Amino acid sequence: MSETYEVQLTTWAYGGEALGRLEDGRAVFVPLALPGERVRVRLTEDKPRYARGEVTALLEAAADRVAPRCPLYGRCGGCHYQHVAYAAQLTAKRAIVRDQLVRIGKFPDPAVAPTVPSPAVWGYRNHIQMHLSPEGRLGFRAPRSAEVVPAEDCLLAAQPLRDLIPHLVLEAGSGVERVHLRVGAGDEVLLWLRGQRPAPPAFQVDFPLSAVYTNPEGAAFVLAGRGFLPMEVKGKVFRVSAASFFQVNLAVAEAMIDHLLEHLPLTPRARLLELYSGVGLFSAFLAPQVGELVAVESSPEACYDFGANLDAFDHVALYEAPAAMALEHLAAQGFQPDVAVLDPPRSGLSRAALDGLMALAPAMVAYVSCDPATLARDGRRMARHGYRLVHITPFDMFPQTYHIETISLWERRR
Ligand SMILES: C[S@@+](CC[C@H](N)C(=O)[O-])C[C@H]1O[C@@H](n2cnc3c(N)ncnc32)[C@H](O)[C@@H]1O
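Treat the numbers as computed from the prediction; the structure is a model and nothing was measured.

Describing helix 6 (residues 323-332)
- For helix 6, the set of buried residues is Ala323, Ala326, Leu327 and Leu330. Within helix 6, the buried residues cover an arc of 100 degrees as seen down the axis, which keeps them to one side. Set apart from the buried face of helix 6 by more than 90 degrees, the exposed residues are Met325, Glu328 and Ala332.
- Residues of helix 6 that are buried in the fold lie against strand 15 (271-275), strand 16 (292-297), strand 17 (316-320) and helix 7 (351-360).

In structure tokens, the structure reads:
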């Protein structure tokens, strides 16, 4: 049997693990544990500068420890905080955002607001992604691994998706590798299948749902129903194609829209630049408040949806291009935005996109982020260009997981 170590866990690390120190001073990351706990661990990763351990014995439990609800918890990689009381999940996320801004961003004392909670902490996801095991069974990826853990349920998924999962059967050898399930307005469901074969698989359905297959070249085939879903947010209905991004927790997305409307200096003369606009979710609420809106989005499907969703506005323009390329073009045109809203993927802004944005010098930037580490990196670069962090608010878009959504406001000093 391999050696075990007794560790006192002291803080949260970003990524779902609690952090302690081994006797030799190295940091050890421990999943399924909490700060304040004393645990015995076996090392699963042993590097010169840090280690990772799995709990073999819980010696002293924290007061915030609760019983996880899902029988797959710990084996499925989708959830990281089911063993943490919800109030403690919210304080953990606030502390992690602060820690990332201090350590990576080098902000001495960032003003991080309390985390805005999700009204629903289970069943909140309108979209889940499942993978196929080599035996053809649907499931979720195991923690830090590509292995698929077969599953017939997910407690984070909205009820119509939970009802559907046990009925989904894909023939072994169908070539399908991933299945996205999404539910929209009126509980309409869309299945999005992705695979390695050029041609779609044979598909049969006994339910009233839509299904789309996308091949590796990006060609989409509608197998049943239609190729998009209607999604309703704050009374507006959005067209969302199978391949388009859309926020997974709509109640929290609504709170984020309200936050943007409350904190941005939007006036009938303001010029607004929106990078990474997706299908136009934020744009649809911001456009009526400003004189001009220029949006940028690289996904052709999302751009098509944007065109349909923002059709009513004559003062809205969309660039279908990578952000860095569109920014170069906008600079050449002499476009000078007053306000910029950015919502990049987890990787954050590329160097070229950040430099391009800084060259346009908007007076205020709202940065919507789903990764506090890349936000902190980009924030540090923005600070070097003269931007000041006014405030940052975490939104709990993803209860039971380590993922953290934030909106930060940045003001240009000069
Ligand atoms: C986190 S989503 C945000 C979408 C939108 N703000 C919303 O709330 O629905 C990020 C979006 O950025 C787009 N995207 C990814 N890389 C991009 C790039 N380099 N340039 C422009 N858009 C990009 C993706 O297609 C996606 O729609």
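On we go.
Re the sheet that holds strand 4 (residues 38-46)
- Around the barrel, which closes on itself, the 5 strands sit in the order 1-2-3-5-4 with mixed pairing between neighbours. Adjacent strand axes in the sheet meet at a mean angle of 50 degrees when their direction is disregarded.
- Relative to strand 5 (residues 50-60), strand 3 (residues 27-30) is paired through 3 bridges, and the arrangement is parallel. Across the sheet, residue phenylalanine 29 finds its bridge partner in strand 5, namely arginine 52.

Here we look at the pairing of strand 10 (residues 189-195)
- In terms of burial, strand 10 is a largely internal element, 6 of the 7 residues being buried.
- Between strand 9 (residues 176-183) and strand 10, which pair antiparallel in sequence order, lie 5 residues; one of them, glycine 186, sits at a positive phi of approximately 65 degrees.
- Sheet topology note: the strand 10/strand 11 (residues 210-214) ladder contains 5 bridges and is parallel. Paired with tryptophan 192 across the bridge in strand 11 is valine 212.

So, the pairing of strand 9
- A large share of strand 9 lies buried, amounting to 6 of its 8 residues.
- Pairing analysis gives 7 bridges linking strand 9 to strand 10, with the strands arranged antiparallel. Bridge pairing in strand 10 links histidine 180 to tryptophan 192.

Calculation notes
Residues numbered from 1 in each chain as written. Predicted model: local features only at pLDDT ≥ 70, side-chain atom pairs only at ≥ 80, totals over all residues. Heavy atoms only, no water. Buried < 20%, exposed > 50% of the residue type's maximum accessible area, 1.4 Å probe, protein only. Helix = DSSP H or I, 4+ residues; strand = E, 2+ residues; numbered from the N terminus. Arc of directions from axis to C-beta. Contact = heavy atoms within 4.5 Å. Pairing = 2+ DSSP bridges. Axes fitted to C-alpha atoms, helices over the stretch in contact; angles between N-to-C directions.

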